Amino acid sequence: MVACTRGVNDSAGFESWRQKVWGSQAVRSLGARFLPLLDGEWMEVAPEDLPLLLDEILLLRATWG
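Residues numbered from 1 in each chain as written. Predicted model: local features only at pLDDT ≥ 70, side-chain atom pairs only at ≥ 80, totals over all residues. Heavy atoms only, no water.

Peer 1: Got a minute to help me understand the overall build of the chain in this structure?
Peer 2: Scanning the chain from N- to C-terminus turns up 3 helices and 0 strands. Counted from the first residue to the last, the chain has its helices and strands arranged as α-α-α. Expressed as a percentage of its 65 residues, the buried residues of the chain come to 22%. Restricting the contact set of the chain to residue pairs at least 6 apart, pairs at least 24 apart contribute 26%. When the accessible surface of the chain is summed, it comes to about 5100 Å², and 58% of that surface belongs to carbon and sulfur atoms. (Helix = DSSP H or I, 4+ residues; strand = E, 2+ residues; numbered from the N terminus. Buried < 20%, exposed > 50% of the residue type's maximum accessible area, 1.4 Å probe, protein only. Contact = heavy atoms within 4.5 Å. Areas by Shrake-Rupley, 256 points an atom, 1.4 Å probe, with all protein chains shown as cover.)

Peer 1: Can you walk me through the pattern of salt bridges in this structure?
Peer 2: Where side chains of opposite charge bring their charged atoms close, a pairing between them can arise. Counted under the stated rule, the structure contains 2 salt bridges. The partner of R28 in a salt bridge is D39, and the shortest N-O contact between them spans 3.8 Å. With R28 in helix α2 (residues 25–29) and D39 in the loop between α2 and α3 (50–64), this residue pair connects regions lying 11 residues apart in the sequence. Judged by its relative accessible area of 29%, D39 is partly exposed. The partner of R33 in a salt bridge is D49, with the nearest N and O atoms 3.7 Å apart. (Salt bridge = Lys/Arg side-chain N within 4 Å of Asp/Glu carboxyl O.)

Peer 1: How should the nonpolar core be read in this particular structure?
Peer 2: Considering soluble globular proteins, one finds that nonpolar side chains tend to be buried as a cluster. Counting 7 residues, the largest nonpolar core consists of V27, A32, F34, L35, L38, L53 and L60. If we skip the residues at most four places from it in the chain, F34 touches M43, V45, D49, L52, L53 and E56. (Core = buried A, V, L, I, M, F, W, Y, C linked by side-chain atoms within 4.5 Å.)

Here it is in structure tokens:
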């Protein structure tokens, strides 16, 4: 576990990870809609879209897991 300064959120990883992984063409090519938002933006997911985000995460895990 990495200690974070209060008020600092790195839950999506280092900035380079956010850009190189979540914003990559490979992730986008799978049809990911939410995770690519982490490349330079803040991701907010409405409660009714949480099942779609979970499906996206499960797809990535099944593809590269």
